Amino acid sequence: MKTILALIDFSDVSAKILDHAEEHAKAFGGDVVLIHVVPPEPLVVDFEPPAVPPDVFKTRQKELFVMRDTLIEHGVQATAQLYGGLLLETVLDQIASLDPDVIIMGSHGHGALYHLIVGSVTEGVIKHASRPVLVIPSVPVPKTHLVKAAVKKARRGAMGEAIGVLGGMPLPP
């Protein structure tokens, strides 16, 4: 995996996306490309394409560069690219241009009405991308996973073996 594309939207899931991008880059010796697309302001009634607000563009650029610099400080080769335009179309254009080995992005779990009216960038990328897409959910990890890990750890004997639930069979470490 030489190129890891991380799509950043500055939502709550962005930190998780950055963490996964760093983990993949370190595990596979790849470079991370951070991309953010600033969508245009919505039009009320006009025939010209909407403009991207310059103040939003500058603010997001600074924030994206901080993320890039954080990855670099952690020993990961990283670049950051900021674009203005329609979200899905711009993202798909950049995916085609970069041809990454994996795409990491977030999902916000909006309902069916939201998807009907607004659409879903995540859904569009999954549908059109020719590369693997790792979707990071915005929901927190359920406590059941933590409880299962704690129970598994508690079952470990003095020899470091885990005792299975059924029939006392040893579980692999």
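As a starting point, this report considers the structure included with it. The written sequence of each chain sets the order in which its residues are numbered from 1. Local features in this predicted model are restricted to residues of pLDDT 70 or higher, and side-chain atom pairs are both shown and tallied only at a pLDDT of 80 or more, whereas totals for entire chains, interfaces and linings draw on every residue. Excluding hydrogens and water, the side-chain figures rest on all heavy atoms present in the structure.

## Quick look at the pattern of salt bridges
Argument step 1. We define a salt bridge as a contact between a side-chain nitrogen of Lys or Arg and a carboxyl oxygen of Asp or Glu at a distance within 4 Å. Evaluation of the coordinates by the stated rule reveals 4 salt bridges.
Argument step 2. A salt bridge links Lys26 to Glu22; its shortest N-O distance comes to 2.9 Å. Of the two residues, Lys26 and Glu22 both sit in helix α1 (residues 14-28), 4 residues apart, roughly one turn of that helix.
Argument step 3. Here's how the labels work: a residue is buried when its accessible area is under 20% of the maximum for its type, exposed when over 50%, partly exposed in between, all with a 1.4 Å probe on protein chains only. We classify Glu22 as buried; its relative accessible area is 15%.
Argument step 4. Arg60 is paired through a salt bridge with Glu63; the nearest N and O atoms lie 3.8 Å apart. Secondary structure is summarised from DSSP: a helix means a run of H or I of at least four residues, a strand means a run of E of at least two, and numbering begins at the N terminus for each.

## Focus on the nonpolar core
Argument step 1. To define a nonpolar core, start from buried Ala, Val, Leu, Ile, Met, Phe, Trp, Tyr and Cys residues and group those joined through side-chain atoms within 4.5 Å. In terms of nonpolar packing, the biggest core is built from 21 residues, with Ile4, Ile17, Val32, Leu34, Leu64 and Leu71 touching the most fellow members.
Argument step 2. It is α1 that contributes the most residues to this core, 4 residues altogether.
Argument step 3. Core analysis: the next-biggest nonpolar cluster, separate from the first, contains 11 residues, Ile35, Val37, Val91 and Ile95 among them.

## Some details on helix α3 (residues 87-98)
Argument step 1. Along its 12 residues, α3 runs 16 Å from first to last C-alpha, staying within 8% of the 16 Å computed at 1.5 Å per residue.
Argument step 2. Turning to α3, its buried residues number three or more, namely Thr90, Val91, Gln94 and Ile95. Taken around the axis of α3, the buried residues stretch over an arc of 135°, which confines them to a single face. Along α3, the residues that are exposed and aim more than 90 degrees away from the buried face are Asp93, Ala96 and Ser97.
Argument step 3. Contacts are residue-level and defined by heavy atoms, with any inter-residue pair within 4.5 Å sufficient. Packed against the buried residues of α3 are β1 (3-7), β2 (31-38), β3 (78-84), β4 (102-107) and α5 (121-128).
Argument step 4. Just downstream of α3 lies Asp99, where phi reads positive at about 50°. What a helix is expected to span follows from its residue count: subtract one and scale by 1.5 Å. The arc refers to the directions leading from the helix axis to the C-beta atoms.

## Points about unusual backbone geometry
Argument step 1. For Phe10, which is not a glycine, the phi torsion comes out positive at approximately 65°.
Argument step 2. For Phe10, the location among the structural elements is in the loop between β1 and α1.
Argument step 3. Take Phe10: its relative accessible area is 23%, and that puts it in the partly exposed class.
Argument step 4. The backbone of Asp99 shows a phi angle near 50°, a positive value even though the residue is not glycine.
Argument step 5. You can see Asp99 is positioned in the loop between α3 and β4.

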